[in-house]
Amino acid sequence: MSNDLLRDISQFGLVQQLGVPRIPVLRRHEPGAPLLDGPALVGAVGAGRFAEPVRALLKAAGIADAGDEGKLAAVVLDASAVRTIDELAEVQQFLTPTMRRLQPCGRVLLIAPEPDDTDPEAAAVAHAFDGLIRSIGKELRAGATANLLVTAPHTDPAALDPSVRFFLSGRSAYVDGQVVHVTQPVGEPVDPAPVDDPALVDKPLAGRIAAVTGAARGIGAAVAETLARDGATVVAIDVPAAGEALAKVANRIGGTALQLDITAPDAPQRLVTHLKERYGRVDVVVHNAGITRDKLLANMDADRWNAVLAVNLRAQLAINAALGDVLSSTGRIVCVASTSGIAGNRGQTNYAASKAGVIGMVRALAPQLAERGVTINAVAPGFIETEMTAKMPLGTREAGRRINSLRQGGLPVDVAETIGWLARAENGGVTGQTVRVCGQSLLGA
Ligand SMILES: NC(=O)c1ccc[n+]([C@@H]2O[C@H](COP(=O)([O-])OP(=O)(O)OC[C@H]3O[C@@H](n4cnc5c(N)ncnc54)[C@H](O)[C@@H]3O)[C@@H](O)[C@H]2O)c1
């Protein structure tokens, strides 16, 4: 049964009987689409350094200033200078009147300070934004989202540019309630494409070489397609048994196909040799290949445990260790984790351990890679409509779709767009982090 059909059934059958509200249609990025589909309001509490650059970005992108009345496609508040409970009250006073003005699929984007551990009130107030943004995400309706960018005192405003563009645009449709830390970019600064040139804005990955594992189907195929749409040349990798589907993906996007079982002992070296011989380098590595072998721990055998750890974690570690000089000086590694690795999941001790392991690997490698100008991050998908989730029993599947703020499952493209944001050369300020693509799922919240 196709995902579309399942969605139709869920929308008009079971769901209607249960009296569950209609599923909002999310605003997703289309090439040529404007950053926002309406006016935006940009404010600041205190002497934040980010409001002016955001205003300039929106002006250049042709987004009207909303003023005091009328609908809002987005509200951006620079609260990076807020340090006291009184100033936090000003944040509330700014935001409250904007909530009712937010149009469907609107965006709330807050910019907050990094906690200052030397000042208890400032540290408490900085952390208060976590609770604030997560609650706004849960209050918003009709496909609107709320996300938080946390900035250090020395963060250059330009470092926020790729993240502001991502979170305001339709590319972040299924990313909700997330807290992303933006620091001074690693490596040489890279200027983002001018926002007033649609040709360049739509090709943020032009000239970049990307390797994507597990690219024959599901999320991996969407990642390959999305990175190629955005200008990258893609090496699509999957097991030989998926060779036919892999070739189709590679042909469709004008990339190359590499049949490779990433758990084979010589896999890292074969991948590096392929990249060196074909392109001389790689700019983006997406560790997407993953498997499940679910069993309660009481019934778990070593084969199931080891197979999952081998594909989902050991292969990523081995490939990262082998990349060496083939990874360019604006290298971006993006690893696919899972909300199961954050929340845990019954029957998935092996899978959750492997995915939590990915999050740990990313944290450990980020400082080491930063010295070379390279970032490494993870995305943690929640419920995404793929063959993997289509195999779930109907009840579990329907529950998985519903228990998030956007009241629906995500699409593979939602994960792909998030990976595309982390893959940009100019996005050197986001590293060592795990960004959930889960519509603010209650699991692991
Ligand atoms: N679908 C979801 O809801 C969801 C949620 C959270 C995380 N994820 C993660 O997203 C990633 C993609 O998931 P999906 O739903 O698209 O899965 P999928 O099963 O549809 O696709 C996975 C791909 O990886 C390939 N693969 C498996 N083992 C491999 C190996 N040893 N070498 C090379 N390729 C290999 C498979 O052949 C397949 O093409 C996985 O890491 C998965 O754990 C998915």
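Source: prediction; values computed, not measured.

J.: Hey, could you run me through unusual backbone geometry in this one?
T.: Most peptide bonds take the trans configuration, and most residues that are not glycine carry a negative phi. A positive phi angle, close to 55 degrees, is found at alanine 142, a residue other than glycine. Within the element layout of this structure, alanine 142 appears in the loop between helix H5 (120-139) and strand S4 (145-151). The exposure class assigned to alanine 142 is partly exposed, which follows from its relative accessible area of 37%. Residue arginine 407 is not a glycine yet carries a positive backbone phi of 60 degrees.

J.: What should I look at first to understand the packing of helix H4 (residues 85-99) against H5 in this one?
T.: The geometry of a pair of packed helices is captured by two quantities: the angle between their axes and the separation between those axes. With their axes 10 Å apart at the nearest point, H4 and H5 run at an angle of 20 degrees to one another. Taken together, H4 and H5 sit at an angle that is classed as roughly parallel. Handedness of the crossing formed by H4 with H5: right-handed. Facing H4, whose interface residues are Ile85, Leu88, Val91, Leu95 and Met99, H5 presents Glu121, Val125, Ala128, Phe129, Leu132 and Ile136. Residues that form the contact of H4 with H5 fall into these classes: ten nonpolar, no polar and one charged.

J.: It is not clear to me how the site of the ligand should be interpreted in this structure. Could you clarify?
T.: The environment of the ligand is made up of 27 residues, and the closest members are Arg217, Ile219, Asp238, Asn288 and Tyr351. With respect to the ligand, the backbone of isoleucine 219 contributes an N or O atom lying 2.7 Å from an oxygen atom. At 2.8 Å, a side-chain N or O of lysine 355 approaches an oxygen atom of the ligand. Considering the ligand on its own, with 830 Å² of exposed area, one finds that the protein chains cover 93% of that surface. Those elements that provide at least two residues to the shell around the ligand are helix H8 (218-229), helix H13 (349-370) and helix H14 (387-390). Residue composition of the shell around the ligand, by class: 14 nonpolar, nine polar and four charged.

J.: Teacher, can you tell me more about helix H11 (residues 302-323) here?
T.: Each full turn of the α-helix corresponds to 3.6 residues, which orients residues three or four apart in the same direction. The end-to-end C-alpha separation of H11 is 29 Å, in line with the 32 Å expected for 22 residues at 1.5 Å each. At alanine 310, H11 shows its strongest bend, of approximately 45 degrees. Taken as a whole, H11 has its buried residues at Val308, Leu309, Ala310, Val311, Asn312, Leu313, Ala315, Gln316, Ile319, Asn320 and Leu323. Those residues of H11 that are buried lie in contact with helix H10 (267-279), strand S9 (282-287), strand S10 (327-336), H13 and strand S11 (375-381).

J.: I tried to follow the nonpolar core on my own but got confused; where do I start?
T.: A general feature of soluble globular proteins is that nonpolar side chains tend to end up buried together. One finds Leu58, Leu168, Leu227 and Val234 to be the most contacted residues of the largest nonpolar core, which totals 64 residues. If you tally residues by element for this core, the top one is H8, at seven residues. When residues are assigned to domains, this core turns out to be shared by domain 1 (32-182) and domain 2 (198-437), each giving three or more. Counting residues in hydrophobic clusters, the runner-up holds 38 residues, among them Ile262, Leu313, Tyr351 and Met361.

J.: What exactly am I supposed to notice about the environment of asparagine 251 here?
T.: Tracing the backbone through its elements, the reader meets asparagine 251 in helix H9 (residues 243-253). The exposure class of asparagine 251 is exposed, given its relative accessible area of 62%. Sequence separation between asparagine 251 and alanine 236 is 15 residues, and the spatial gap between their C-alpha atoms is 9.9 Å.

J.: It is not clear to me how the sheet that holds S9 should be interpreted in this structure. Could you clarify?
T.: Hydrogen bonds along the backbone pair up the strands of a sheet, which may run parallel or antiparallel. Spatially, the seven strands line up as an open sheet ordered S8-S7-S6-S9-S10-S11-S12, and their pairing is parallel. Edge strands, defined here as strands with exactly one partner in the open sheet, are strand S8 (256-259) and strand S12 (434-437). The average angle at which neighbouring strand axes cross in this sheet is 20 degrees, direction not considered. Its contacts with the sheet place H9 against strand S7 (233-238) and S8, and it is angled at close to 160 degrees to S8. H13 contacts S10, S11 and S12 of the sheet and is inclined by roughly 160 degrees relative to S11.

Reading the values: the criteria
- Residues numbered from 1 in each chain as written.
- Predicted model: local features only at pLDDT ≥ 70, side-chain atom pairs only at ≥ 80, totals over all residues.
- Heavy atoms only, no water.
- Helix = DSSP H or I, 4+ residues; strand = E, 2+ residues; numbered from the N terminus.
- Buried < 20%, exposed > 50% of the residue type's maximum accessible area, 1.4 Å probe, protein only.
- Axes fitted to C-alpha atoms, helices over the stretch in contact; angles between N-to-C directions.
- Parallel < 35°, antiparallel > 145°, perpendicular 65-115°, else oblique.
- Left-handed = near helix turned anticlockwise from the far one by under 90°.
- Contact = heavy atoms within 4.5 Å.
- Nonpolar A, V, L, I, M, F, W, Y, C, P; charged D, E, K, R; others polar.
- Near = heavy atom within 4 Å.
- Polar contact = N/O pair within 3.5 Å; in protein donor to acceptor, adjacent residues only side chain to side chain.
- Areas by Shrake-Rupley, 256 points an atom, 1.4 Å probe, with all protein chains shown as cover.
- Expected span 1.5 Å × (residues − 1).
- Bend = angle between axes of the 7 residues up to and from the residue.
- Core = buried A, V, L, I, M, F, W, Y, C linked by side-chain atoms within 4.5 Å.
- Domains from an automatic or database assignment.
- Pairing = 2+ DSSP bridges.

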